[in-house]
Structure formats: C-alpha cells, structure tokens
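# Structural features, examined
The residues making up each chain are set out below.
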Amino acid sequence: MILPADFEDSIRSFMDDEEYASFFRALQENSPVSIRLNRRKPFPATADSVEEPVPWARNGYYLSHRPSFTFDPLFHAGSYYVQEASSMFLEQAIGQFATEPVVMLDLCAAPGGKSTHACDVLPEGSLLVANEVIRNRSQILTENLTKWGHPDVVVTQNDPSAFSALPAFFDVILSDAPCSGEGMFRKDPAAIDEWSRENVEICRQRQRRIVADVWPSLKPGGLFIYSTCTYNREENEENVRWICREMGAEPLSLSIPAEWSVTGCRDAGDPIPVYRFLPHRTRGEGFFLAVLRKRGEEKGRIREERHPDGRTNRKKERKKSSSDKEKPTKVLNWLTETATEHYDLFAEDDRMFLFPKRRTEELDALRQSLRIVRSGITVAELKGRDWIPAHDLAMSAGVFLRQGVFPVEPLSYEQAIGYLRKETVSLPPETPLGYVLLTYRDVPLGFAKHVGNRANNLYPQEWRIRSTRLPEEAKAALR
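Below: a short report on this structure. Model, not experiment: these values are computed from the prediction.

## Let's talk about helix α12 (residues 360-369)
Of all the ten residues making up α12, eight are buried; the element is thus mostly covered by neighbouring parts of the structure. When α12 is considered as a whole, its buried residues turn out to be Thr360, Glu362, Leu363, Asp364, Ala365, Leu366, Arg367 and Gln368.

Below you can see the structure in the form of structure tokens.
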C-alpha cells in the first residue's frame, strides 16, 4: 500500500516513528469482518464463522472470514447487519447517557448501520428519525431499516438545514458527517486515490456547516454525538473544539475499560475527551467519536403551526385516502395485541401503517417541515380494492404479525435464494390458498400468494438478488 506523502505527514504529526511503523503495518493486514445481531430475530449462534464478541457492543461479533453475505438468506431477513466493529462504539455513547426515552436524529444515516444499532440501544419508547439527503441512499436506508423490523422509526430525506424548522426538538443528534475516509484506506483502497489535503479541508468545512445547520434543533441539555471515519485532527479534534467554542457545547467523558485500547485526544497541550480507534491498537478500522452536551436547562417545544386568526394547531392534517375512514377487520386481525394496544393504525394513500401512540405528536411536527420517506411499520398495501400484507409486516413477525394468521412454509437454502431472486415459488400442493409466510431457519423472509397451480412471489422487486450465479462458498456461509 502506497500512502500519499501529505497523509503520512499528517499522521506522523501525532505519532512517533515507532508507533507510525505499527500503524503502517496494520494497514497492510486484512480488514476485520464483523456483524451485529438483531436481538429480535433468531440467529444460529453456532455458525462456524462467528469468532469472538466485539467488546464494546453486546450484539457485535467478529467473523473468522468474510462470507458471501449476498447469498445468505439470514442477511436479507435482517437477522444481522454487516457493520465495521469500531463504529459499534456508538453503543457506549448512547447507553451511558440516554437512560430515558428520547427523540433521536441520525442526520447522515445511510446506509443504516448506526440507525439499526440505535434502534437496539435506545431506551424503550424512544423515537428515531433517520435522515439521508441523497435520494438513492435514502432508499437503501429504508430497505435496511425495514429488514431490521423496528417500528419506532421515521425515515426522512432532507438537507440538514431543513431541521432548523424544528427548534429544540431532538434530545439526541448523531452527526456521522461525510469525511475524507482515511479510516477506510485498508478496507477500500480507492479511498487512497481520492484523498488530498484539499479534500480534507472541504470535508472540514462541510462538517461545520452541517453542525451549524442542525444545532438549533437540539434541545438545551441534549446530546450531540459527532463521529467520523478519518484520522486527521482537522476533521476531528479541531472540529470538536470549534463546536465547543462556537456553539458553547460541553464535551463529555465516557467510562470505558483500558483493555479496549481506545485512544484519546492527540492534542497533548489541551486534551479533550474524544475517542479514537486506530488499527494498530484496536481490532477495527479508523473511527473517531466525541459526545457533547448543549448547554442550558430549557425544555424543547414542538413547533406550533399558526392559523391566520392566531389560533395554533400542532397537528398537520394527514392526507386522506378512500380507506382512511375504515380500518378493515381483516387487517386488524393480522396484528398482535401489542400492535393494537400501543400503536395507532393509519391509512394513507395506498398503505396502512402502525406508529407508536405516544409519538404521534412528534410525527405530526416532522410532517410539517420535512420530506418523510417512511414512518413506522407498513402492515398493508392497497392493490386494486384489496389490502394485502406488506413486506414490513413479515419483517416484524413475532412482534406485530399475530402468530397463526398466515400459513407458514419453510424454505430450503436453494428455495430461499430463488425467492430472494424474485423467481417463481413452488409450494407443496397441500398448502392453503392465499397469502403464505415464507421462512428460512425459522426467520421470516416475506410473503407469497398461493393461487393453486403456482405461487406469486411478493418479495420487493427492487431488493431482489440480481446475480444469477451461486458461488460454492456461499452455501457454507453462516449456515
């Protein structure tokens, strides 16, 4: 690996020769492979490739090798997420400070690693807003969150500046802003060719703009988590100091064991509590994180909408559909008691979705100012005049889909791959007609409709496996 001379100078500015040699050697090694399990879904704990836990993430595990994840049905079913181990350190920031239900914003959320992680570590009753400004990336974010199966999530597609319309709204904001990507050099060699001093400066300025744009939407006393996957001090310590100086933020310390070998601030003259992951010290890629608190005690308020006569109305009227006045009995019968007791069922256009009752006011406020891509769990979609079960509902089986409502048909590995390719599904002749929940190793994959001589594959077209080959090694991956 040949590194840019300017990058080497940057790293050597906070490492001696011996440490730099260790750092450089680590970059020549293979990247560690790690996954994070979905605690709501089964996973074969005896999988041969699962090696040891990630110390700072209770559901994170290193793998002994990199399987062909594309050809693992459990990956598509949301049983786990392929995530770089260092970035799982987010769990410590959230877990040590967010002890009561909160409203959290993941500002630059795609592809969804930190959002799916936040779903699992936020206190019960919290609401996550996962945002991505780029349209195609917001679709990937939506896919990954749908597969994860957590209902208390809103996906938005907005520039950070749009959130200024929601003053003092969020209890926690995560800004994992676009960076120069130095921490990915080992994993993605193309990042080396794209690196330059000029790009570092562009990223530093962009990160500051993003922070300044979104800062008003953080409640006084709220937490701001700043992270990057880069090494240089310009995008890391210098930006944290800038946030403290310009925004009046207070840096917070985390309590972590020394054996994790997480590195602190590299500004010896004026250290601040920050957390660096360096590949020669920790088993993972380059990562940086700081936790800041917005000073002040004042509670945040949901922005009120004013009518011309001066009255206020916090709620924006939802779009109406032909089915908005009625909630079909058959759809209600699909749902568990948990769903009907703690969630409202809304009909909007061609979808019916569940959203937590305690967070409908926040949803209404978000709808006033932001472009919402997805909210809650879609349980039914309107096809013609009939409501059919949505893929989201299959992904939430066991929590929102009532057991026994639909016949369940287990698939073999080869059948599961065919289903995920959107191929025709063959079901046993004794399978009841109608909608059938297909599973692989007891984990739901999605629905099919059995019509007698065939079964219509209802897997989302845009998510299908496009490769027609099946590598031999894939058959042994995580199985």
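## Quick notes on the sheet that holds strand β16 (residues 351-356)
If you trace the four strands from one edge of the open sheet to the other, you get β15-β16-β18-β19, paired in antiparallel fashion. Since the sheet does not close on itself, it has two edges, and those belong to β15 (343-348) and β19 (386-389), each with one partner. Taking each pair of neighbouring strands and ignoring which way they run, the sheet shows an average axis angle of 30°. Pairing of β16 with strand β18 (residues 377-383) involves four bridges; the strand directions are antiparallel. By the bridge assignment for β18, Arg351 is matched with Glu381. Against the sheet, α12 touches β15 and β16, its axis set at about 120° to β16.

## Side note on the packing of aromatic side chains
Enumeration according to the criterion identifies 26 aromatic pairs in this entry. Plain terms: the ring middles of Trp334 and Phe406 are 5.4 Å apart, the flat faces sit at 55° to each other, and that makes the pair tilted. Separated by 72 residues along the polypeptide, Trp334 in helix α10 (residues 329-334) and Phe406 in the loop between α13 (391-395) and β20 (408-410) bring together distant segments of the chain. With respect to class, Trp334 is no different from Phe406; both count as buried. One aromatic cluster is present, formed by Phe7, Tyr20, Phe23, Phe24, Phe185, Trp195 and Tyr231 through successive ring pairs. Lying over the aromatic face of Phe14, Arg276 brings its terminal NZ or CZ to 4.8 Å of the ring centre.

Scoring rules and cut-offs
- Residues numbered from 1 in each chain as written.
- Predicted model: local features only at pLDDT ≥ 70, side-chain atom pairs only at ≥ 80, totals over all residues.
- Heavy atoms only, no water.
- Buried < 20%, exposed > 50% of the residue type's maximum accessible area, 1.4 Å probe, protein only.
- Helix = DSSP H or I, 4+ residues; strand = E, 2+ residues; numbered from the N terminus.
- Pairing = 2+ DSSP bridges.
- Axes fitted to C-alpha atoms, helices over the stretch in contact; angles between N-to-C directions.
- Contact = heavy atoms within 4.5 Å.
- Phe/Tyr/Trp six-rings, centres within 6.5 Å; stacked < 30°, edge-to-face > 60°.
- Lys NZ or Arg CZ within 6 Å of the ring centre and 35° of its normal.

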